[in-house]
Number of protein chains: 2
Amino acid sequence: MASTTSPVNGAHALLQTLAANDVTVCFANPGTSEMHFVAGLDQVPAVRGVLCLFEGVATGAADGYARIARRPAATLLHLGPGLGNGWANLHNARRARVPVLNIVGDHATYHGVFDAPLQSDLAALASALEGWYRRSTSSNDLPGDVADALSGAYGPPNRVATLVLPADVSWGDLTAAPTSWPLARRRAAQPFDEQRLERARRALRAGGAALFIGGQLDEDQLALARRVADATSSRLIVETFPTSLTRGAGVASAERLIYLSEFAQAQLRDLASLVVLGTTRPVGFFAYPNVASELVARDCDVIDLAPPGVDLNATLAALVAVTNAGALYVDAGEAPSAPSGALTPESFAAAVAATMPEDLIIADESNTSGLHLYGATRHCPPHELLTLTGGAIGFGLPVAVGAALAGARPVLALESDGSLLYTAQALWTMAREQLDVTVVALANRGYAILNLERQRVGAAAEGSASQRLLDLDDPTMDLAGLARSLGVPAHTVTTADELVTALRRSYATPGPTFIEAVLPTSRF
Amino acid sequence: MASTTSPVNGAHALLQTLAANDVTVCFANPGTSEMHFVAGLDQVPAVRGVLCLFEGVATGAADGYARIARRPAATLLHLGPGLGNGWANLHNARRARVPVLNIVGDHATYHGVFDAPLQSDLAALASALEGWYRRSTSSNDLPGDVADALSGAYGPPNRVATLVLPADVSWGDLTAAPTSWPLARRRAAQPFDEQRLERARRALRAGGAALFIGGQLDEDQLALARRVADATSSRLIVETFPTSLTRGAGVASAERLIYLSEFAQAQLRDLASLVVLGTTRPVGFFAYPNVASELVARDCDVIDLAPPGVDLNATLAALVAVTNAGALYVDAGEAPSAPSGALTPESFAAAVAATMPEDLIIADESNTSGLHLYGATRHCPPHELLTLTGGAIGFGLPVAVGAALAGARPVLALESDGSLLYTAQALWTMAREQLDVTVVALANRGYAILNLERQRVGAAAEGSASQRLLDLDDPTMDLAGLARSLGVPAHTVTTADELVTALRRSYATPGPTFIEAVLPTSRF
């Protein structure tokens, strides 16, 4: 790398390396130690800084961005508390197996020995993300560190990469500015195991089999899987929480694994074999007394044919070949018509389905209230569903921010009141960036899923201490008011008709809209 | 421990052990894996569950509770994401050296091998808190684990203790329920070093010395320190961010270490020696190019006489003895009269001082806007100041929740718009529990401290990418609307007169009040 004449500091070099690697968005919540990075944004306009008012918004946005753009965004976080605040949505990104690059500003290298108030063990915090981690130690090394971090993020499988940027590495000048910036190494996915393919072929031919598929699933992959399933009279089951799932008219369909363990076990009970593709074998989201952790029957033959990191497209193509699969048949059908009357989980799902525009992205954190959504949207215009991969709530609004910035497509974020309150700050970024996001917040005034779980433990009296820990109705929150306070136009609807009207109006209007949909309080 | 007849499950035993150890409040954001703990609250009414809508509220509340009650509250958190969301305020609690007991629900012990979506490395996350950590592995061991955790939390110095509670340990029955519950071991603080005392005595006698004091400081400790300082013509300087500091009329005063390094260095420049008590030696909050990390001059003799964990009262008494310190003299003075006219940082401080009731607790996260507060409140009625010990913003509102529950005293939370948005969910808990908290939110529509830091790096053009990452005025947030949406009555004030009126009304009214105080946009 030949040198040029004008001095380049670490932050500038870092940003140039990001731009050279097509990392063009940085979701930022900066502090003092990141100020040279912030200043560098004026010199490298190819990287767009997007301000988030809380780090969990920044990390969730990077997750959503990667799910749609299929390449990483950067986050800019402020020392340990910044990484801590962003940790939960990074956990979701880890489970989604999407590439994310965290830049975590830290004290200057020589300042560490003094244990200043904001210092903490960043390596320990990051290690719990089980991805790539490095602390950069010199401005000259920084471009290479960034390229290595991106190599780590890309896997395969994709991972969360965390690069710690000490303040002096950021502000220090490089001794020689390179004329080109280093690029991340992209490795090919691993090949599938031929013996497992043969085992899968025999299992599918033997009958009573299912393909269990997950991860980031596009229309072509679903078509291949559907053809294999049809050729072998097998079932095609998608994991409960895929990273992204293309759905709608003309797209091969798959049944979805049910969330609650007992129901999932009933769903999988009769399977003789399960061929697992693009994800890991099904397991209970939680353990319960006297309920097995594994969801398939004891004698079901589980074949891990394409674990994460293995080439899913090649595996599916091989399955098509060895099963002599025929052409794709997709059953025709119609989206529900616009519902009327009371707002219920059923009419909510129908309203979403009846109004859906082309190419919609849905960030689904509707939880219990969204139970009927998957069925209702089967024959809608093609769309993409993003789900709660890691189970860390507070994912929906931030992911919607990132998804909206990644694609020039409308985004629908489905929220419940309980989960909305984790990262509501994302609404402000939607307003600031004028993102085409429609938020539907289902207000059932309680942690409905927990009320259900509470009942399983034993009866709880109304007004009891335990019941009071699961209710959100004292005081009642004004979710529409919350959205307006953060700059997003908001409406409250109480009927299905009003929800349909509000959805149609929102899709026709640029910028974000917030719709509070009040459901009857649900305690199951 | 003799056994009784009725079966007791782990959760019940845990709660009984908490109650036996006088841990009577649990700030909770539960999930499925914590449901037996939640159910157990109905059986152990001595432990009060307080619902928080975000884990950062729960952990900050536990911090605030411990600062006032001087004993730990418990938190109830949901797996890794729960601990992650609560991490930043636990970092503040760690730096405050207050006792906190985290109960982190986790998957059942046998479920771990399946790597379900919510699983993560809790030990790594907790290790970054540098406190006490254990994963309980059996219901029978749980009471002992809780007592050990509390022993760990009490130190001295106090620490954050994290006990992981697998779901089956929580729901499993003890083989024999004990008739008494184990108690935490309380260790005495360590004695001071006699040689260092002699060194300190000589340094104080030699002149040009200062006492540098920090931690959790009550009126008696400040009186002893003031007497020593006066007897030796030394200065008495309190750390920038003490855990708690009693102040006001009749209370011995101390100058406060300035936040910004260059000013702090000027403040300490002429000191020949510094006797450090109850805290660690002063260090720059951040590093800056060409600014030393240490705040005292190179030739200043720093004597770590009473580091955290050493008996501060005994050390101060010994200093009084070896310096033959006389009686306490406290200078008289008057609180400012109620200000009028424009709302500025100066008139804001005067308004707070002029209206202050007896025994107020102030949770101060006013940041740049609170610059004049320390001076203005010197002669107010006695009150207690809680500050941002670990530098992780989002501390003020949660700490106010905990402080209000710990003492039957009015609480004033001073917030800036930037920091308020981190953990605004605390407002809902204030409304739900009808806490006597007055929130003053200083809206200057920007990250003022960062605008200052940005200017130090070099000029930034108005509307530039870097400037845009530090401004909060597009869109403007309606902070009063935000508070109302979460159930707290709110007013917006734009003059000093209105602020005075609003403060007086709030102190006279039970329950929480939110006052949005609009300041001119400040970019320094």
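Just so you know, these numbers come straight off a predicted model, no measurement behind them.

Colleague: Summarise the domain arrangement of chain A; cite the residues concerned and give the values.
Modeller: Residue and element names in this part refer to chain A. Domain assignment breaks chain A into domain 1 (10–171), domain 2 (194–322) and domain 3 (345–518). The centre of domain 1, based on its C-alpha atoms, is set 35 Å off from the matching centre of domain 2. Contact residues are listed per partner, giving 7 residues for domain 1 and 6 residues for domain 2. Its residues placed into classes, the side of domain 1 that touches domain 2 shows 4 nonpolar, 1 polar and 2 charged.

Colleague: Provide a residue-level description of the relation of the copies chain A and chain B, including the pertinent values.
Modeller: Expressed as a screw transformation, the operator carrying chain A onto chain B has a rotation angle of 180° and an axial translation of 0.0 Å, and the superposed copies differ by an RMSD of 0.0 Å. Taken together, the rotation and translation describe the operation of a two-fold axis. Take the interface residues of chain A: 100% of them recur as interface residues in chain B, which is what a same-surface contact looks like.

Colleague: Residue-level account of the packing of helix α3 (residues 55–69) of chain B against helix α14 (residues 396–406) of chain B, with values.
Modeller: Residue and element names in this part refer to chain B. Two numbers describe how α3 lies on α14: the axes approach to 6 Å, and their chain directions differ by 45°. The angle between the axes of α3 and α14 places the two elements in the oblique class. Relative to α14, the crossing made by α3 is right-handed. Along its contact with α3, which presents Gly 56, Val 57, Gly 60, Ala 61, Ala 62, Asp 63, Gly 64, Tyr 65, Arg 67, Ile 68 and Ala 69, the element α14 presents Pro 398, Val 399, Ala 400, Val 401, Gly 402, Ala 403, Leu 405 and Ala 406. Of the residues that constitute the contact of α3 with α14, the class distribution is 13 nonpolar, 4 polar and 2 charged.

Colleague: Can you tell me about the interface of chain A and chain B, naming the residues and giving the values?
Modeller: With 80 residues of chain A at the contact, the number on the chain B side is 80 residues. Looking at the side of chain A that touches chain B, the element that brings in the most residues is helix α4 (residues 79–96) of chain A, giving 8 residues. Looking at side-chain class alone, the side of chain A that touches chain B contains 44 nonpolar, 25 polar and 11 charged residues.

Colleague: Outline the sheet that holds strand β11 (residues 255–256) of chain B, listing residues and values.
Modeller: Residues and elements named next belong to chain B. What the 5 strands build is an open sheet, ordered β11-β9-β7-β12-β13; its pairing is parallel. Each edge of the open sheet is held by one strand with a lone partner, namely β11 and β13 (301–306). Summarising the sheet, strand β7 (residues 209–213) and strand β12 (residues 273–277) pair through 5 bridges and their orientation is parallel. Within β12, the position partnered with Ala 209 by the bridge is Ser 273. Sitting on the sheet, helix α8 (residues 194–206) touches β7, β12 and β13, and the angle it makes with β13 is about 130°.

Calculation notes
- Residues numbered from 1 in each chain as written.
- Chains lettered and ligands numbered in written order.
- Predicted model: local features only at pLDDT ≥ 70, side-chain atom pairs only at ≥ 80, totals over all residues.
- Domains from an automatic or database assignment.
- Contact = placed C-beta atoms within 7 Å.
- Nonpolar A, V, L, I, M, F, W, Y, C, P; charged D, E, K, R; others polar.
- Least-squares fit on C-alpha atoms with pLDDT ≥ 70 in both.
- Axes fitted to C-alpha atoms, helices over the stretch in contact; angles between N-to-C directions.
- Helix = DSSP H or I, 4+ residues; strand = E, 2+ residues; numbered from the N terminus.
- Parallel < 35°, antiparallel > 145°, perpendicular 65-115°, else oblique.
- Left-handed = near helix turned anticlockwise from the far one by under 90°.
- Pairing = 2+ DSSP bridges.

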